[in-house]
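Listed below, chain by chain, are the residues.
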Amino acid sequence: MWSVNFRTLWFVAILGLFTTVVSLALEPGDALPEWANFELEGDVPDLAGKVVMVDAWASWCAPCKASFPAYAKLQQEWADRGFVILGVSVDRKAKDYARFLKQTPPGFTTVRDVSQKLAATLKPPAMPTSFIFGRDGKLRKVHKGYRGDRTVELLRSEIEPLLAESR
Amino acid sequence: MIKRKILCILFLGASALVFSGCQTVQPWEKGLLADYTMRADRDSMHDAMSEHIYFSRESSSGGRGVGASGCGCN
């Protein structure tokens, strides 16, 4: 009896040692996060019925900074059609975040993910990463990194159809 | 049998300690790696002196070019 139990224990333990804990990132079809469940610095605007682009960024990320003018332009251009960009900073230090915002206002609403729990939920594969949600609050596209005009054109081609969808 | 059991438990314990030390730094956790102080070329005086020492010892120079700071931004 003992030997059987011990063998089982041995097998499970070895399996556990060599098994990587797989935690999946958000996938198309997943819903917008429940913002109230996370410790955020700043207010999340009303996103109901809007096309939302959640942009994971950090003050130490140069491509994130480079993306802001283009993203702000998109926000400005499509604001009347119900397009909202919500920046989520993963900065650990509040002063880094505040200093960056003072020096480089992003041109769209941004919050700071104080405990990085939201980042752990979104799991951006790179910095920056854009998560595009449709009017139904479901994730449609994920964009890794920022590659200048190429990224902007891609975003345009993907967001335009979402804006045309009815609520 | 008991000796074998103890050895197995010790092995499992040691393995658990070793494997629990493996940690992947996620993209959003790379702020420290992207810090200016992590840059190899942050001190131009130090670079010049190192280059001079290298040249004096090896009678050659260059080959130090490394791009980016390791933040994984690109």
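That block above? That's the structure.
Residues numbered from 1 in each chain as written. Chains lettered and ligands numbered in written order. Predicted model: local features only at pLDDT ≥ 70, side-chain atom pairs only at ≥ 80, totals over all residues.

S.K.: How should the overall build of chain B be read in this particular structure?
M.R.: For chain B, the count of helices and strands is 2 helices and 0 strands. Across the 74 residues that make up chain B, the buried fraction comes to 9%. (Helix = DSSP H or I, 4+ residues; strand = E, 2+ residues; numbered from the N terminus. Buried ≥ 20, exposed ≤ 12 C-beta atoms within 10 Å, placed from the backbone.)

S.K.: Please clarify how the nonpolar core should be interpreted in this entry.
M.R.: Looking at soluble globular proteins, one finds that nonpolar side chains tend to be buried together. Residue and element names in this part refer to chain A. Core analysis: the biggest nonpolar cluster contains 33 residues, and V54, A56, A58, C61, V88 and M127 have the highest contact counts within it. When residues of this core are traced back to their parent elements, those giving at least two are β2 (51–57), α2 (62–78), β3 (83–89), α4 (117–122), β5 (129–133) and α5 (149–164). The element contributing the most residues to this core is β2, with 6 residues. Setting aside anything within four residues of it in sequence, one finds V88 in contact with V54, D55, A56, V111, D113 and L118. (Core = buried A, V, L, I, M, F, W, Y, C linked by C-beta atoms within 7 Å. Contact = placed C-beta atoms within 7 Å.)

S.K.: For this particular structure, what's the right way to read the environment of K123 of chain A?
M.R.: All names here are of chain A. Note that K123 resides in the loop between α4 and β5. Judged by the 16 C-beta atoms lying within 10 Å of it, K123 falls in the partly exposed class. With 67 residues separating them along the chain, K123 and A56 place their C-alpha atoms 9.3 Å apart. The contact partners of K123, leaving out residues within four places of it in the chain, are A25 and L26.

S.K.: In this structure, what is going on with the environment of A66 of chain A? I would like to understand it.
M.R.: Residue and element names in this part refer to chain A. You can see A66 is positioned in helix α2. Look at A66 and you get partly exposed, because 14 C-beta atoms sit within 10 Å. Separated by 81 residues in sequence, A66 and R147 have C-alpha atoms that sit 9.2 Å apart.

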